Amino acid sequence: MSGPIAIKSRPFHRELIGNPFFQAAAVCALGGAVGVFSAFALYVTKPLYLALLIVSGLIFLPTLIIKNYRIYWLGIFLFTLQFEISKNLNDGIAIVEALGIDYTIYHFTFKVYATDLVFVLLFIFWINDVLFHGKGIKVPRVSWLIFGYFLFCFMSMFNAPSDYLAAVEIVRQLKFFAFFIYAVNNITTWRAVRLIAAVSIMILVIQAGVTITRYTTGYLEPISFGQSYAEESEVEQYLAVDRLDPNSAIRGFGTLTAPGSTLRLCMMILPFCLMLCVTSRILGDRRLYIALTLFGGIGLLFTFTRAYYITTAVQLATAFVMFRKHGFLTRIEVLSIVVSGIVAVAVISPKLYYHFTQVRTDSVTVRLKQYEAALNMISAHPLLGVGLNNGTGVKADYVNVSYNEYNPESQFYLEPTHNLYLSLASEIGIIGALLFFTFFGYFALQAYRYSTTLKTPEMRMLASALVVMYAGVAVNALFDPLHEYPVLALLWLLSGVVMNLEKIEASRQLRINQ
């Protein structure tokens, strides 16, 4: 005799979800909710902020379906670095009035960048791995150099007229150090390297495209959220190729706020674009990347920035030497590059000579006077400096000049010192500055060592690209302050990558063998 037949009932919620009428009703309800929310948001806020919210939601959605969401968010982090979307956490105008700031200062408020929010997600993923998956936290021994640097940053506050300004910069530097530690512990795969290269070529093309667009259209508005208090006439005078010519062309720039900032951002990613031009083993056919890199390089010429010409020349020469030394270039390619370089120099030499000797010559004089003032500050305060982020504010005490609004050369003390080495030494002392530069010098030497000791050509090429990056930074720091958030974020992050080059090669080889 057979027993009763067991009938498995389907759970009600699953049956309901599977009902097509319920699905249609859910979509309608969701659409109605979005519509109501959008209408309310448009009523209480600006359309631009609502658009930002919607775009943020669209960016977040792939996290629900992408398997390697960590790589996805790392790509978002790198890509959004070129857009300095930020929110002041305190009133900048009140700070200017309270401190009597009547000079140029880059950072005087605590800020949160859109990129910071992306990093918070990456940080949460990492902490989750540490707490629940037994992943350790690695702090390289070389970090003691940067701990010493932070110690001198704090001690420099004893001499600083404004502890607040010093605190603003210390918070920024601590954030960059967090990027470094994250990279050391998490950017350990070849897939992450390919991502860095892909984002680099995208950033270069975008910056060149925006620069050309600004140059041809005269559109000077920064890509930012919030109000700008700069007079249009002052902006045009600053951006004029020749300030003495009333009909001068206006220099172009990218998504950042100035031609120099655009240059320094591209300086950080150009080596990875050059790497893609040399081999097709990383992201496919290199002919595409040669064309895109040429477009990027030509587009950035419209910044008319002498620092771009010098830094790019140094980076190209360093890349040529490194790639040729390690056998990444054939004899035909070497000959083609040399001949093309000679022709290019011959063609543009007259323009370069005119630009270096006849245009904006006051910039050279102003820099030399800034260097003299910085040396005076270092001489007066060699141990602790005048206070981090306080150098420009006290520079007037170390110069002998009378202000003349019609003479730019008499206004040099109102701008930050355009030399990172002298600027940092004058603000935190010689020892603190040496600790900072030794920290990054260590990674430059490590990258050079890895360019000769790593086993696979692609990894040696990556190490060579990092050497090219450090060469550009070292040269550009001679005549620029190197203060931009995306530039410093990339410098610290990629220094963390240097620590993992052997690990990246091992993981790549293991994946190939499997």
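Given the structure is predicted, the values throughout are model-derived calculations rather than measurements.

Caption draft 1: Region of the structure containing the pattern of salt bridges. All told, the structure shown has ten salt bridges when counted by the stated rule. For Arg70, the salt bridge goes to Asp129, with nearest N and O atoms at 2.8 Å. You can see Arg70 sitting in helix α4 (residues 69–80) and its partner Asp129 sitting in helix α6 (residues 114–132), a full 59 residues away along the chain. Assessed through its relative accessible area of 11%, Asp129 is described here as buried.

Caption draft 2: Representation of the packing of helix α9 (residues 190–217) against helix α21 (residues 501–513). Where α9 meets α21, the closest approach of the two axes is 8 Å, and the angle between their N-to-C directions is 110 degrees. In terms of their interaxial angle, α9 and α21 are classed as roughly perpendicular. Contacts between α9 and α21 involve Trp190, Arg191 and Val193 from the first element and Ile504, Ser507, Arg508 and Arg511 from the second. Looking at the contact of α9 with α21 residue by residue, the classes come out as three nonpolar, one polar and three charged.

Caption draft 3: Geometry of the nonpolar core. Within the largest apolar cluster, 120 residues are counted, with the highest numbers of intra-cluster contacts made by Phe77, Leu78, Tyr149, Phe439, Trp492 and Leu501. It is helix α11 (residues 259–278) that contributes the most residues to this core, 13 residues altogether. In this structure Phe439 touches Val142, Ser143, Leu145, Ile146, Phe180 and Trp492, once residues within four positions along its chain are discounted.

Caption draft 4: Summary view of unusual backbone geometry. Residue Phe304 is not a glycine yet carries a positive backbone phi of 50 degrees. Relative to the helices and strands, Phe304 is located in the loop between α12 (286–300) and α13 (306–325). The backbone of Asn389 sits at a positive phi, close to 65 degrees, despite the residue not being glycine. Looking at the secondary structure, you find Asn389 in the loop between α15 (362–380) and α16 (391–394).

Caption draft 5: Geometry of a positive patch on the surface. There is a patch of like positive charges on the surface, built from Lys67, Arg191, Arg194 and Arg511. Counting through the fold element by element, Arg194 comes out in helix α9. The class for Arg194 is partly exposed, based on a relative accessible area of 32%.

Caption draft 6: Structural view of the side chain of Asp480. Following the sequence through the fold, Asp480 ends up in the loop between α19 (457–476) and α20 (485–498). For Asp480, a relative accessible area of 5% puts it in the buried group. Setting aside residues up to four positions removed in sequence, Asp480 forms contacts with Leu263, Arg264, Ala307, Arg367, His418, Asn419 and Leu420.

Caption draft 7: Structural context of the environment of Arg306. Residue position: Arg306 is located in helix α13. Its relative accessible area of 13% is what places Arg306 among the buried residues. Spatially, the C-alpha atom of Arg306 lies 9.9 Å from that of Arg360, the residues being 54 residues apart in sequence. Setting aside residues no more than four positions away along its own chain, Arg306 makes contact with His355, Phe356, Val359, Arg360 and Ser363.

Conventions we followed
Residues numbered from 1 in each chain as written. Predicted model: local features only at pLDDT ≥ 70, side-chain atom pairs only at ≥ 80, totals over all residues. Heavy atoms only, no water. Salt bridge = Lys/Arg side-chain N within 4 Å of Asp/Glu carboxyl O. Helix = DSSP H or I, 4+ residues; strand = E, 2+ residues; numbered from the N terminus. Buried < 20%, exposed > 50% of the residue type's maximum accessible area, 1.4 Å probe, protein only. Axes fitted to C-alpha atoms, helices over the stretch in contact; angles between N-to-C directions. Parallel < 35°, antiparallel > 145°, perpendicular 65-115°, else oblique. Contact = heavy atoms within 4.5 Å. Nonpolar A, V, L, I, M, F, W, Y, C, P; charged D, E, K, R; others polar. Core = buried A, V, L, I, M, F, W, Y, C linked by side-chain atoms within 4.5 Å. Patch = residues over 30% accessible without salt bridge, like charges linked within 9 Å, V, L, I, M, F, W, Y side chains within 5 Å. Areas by Shrake-Rupley, 256 points an atom, 1.4 Å probe, with all protein chains shown as cover. Lys, Arg positive; Asp, Glu negative; His and termini not counted. Charge placed at Lys NZ, Arg CZ, Asp CG, Glu CD.

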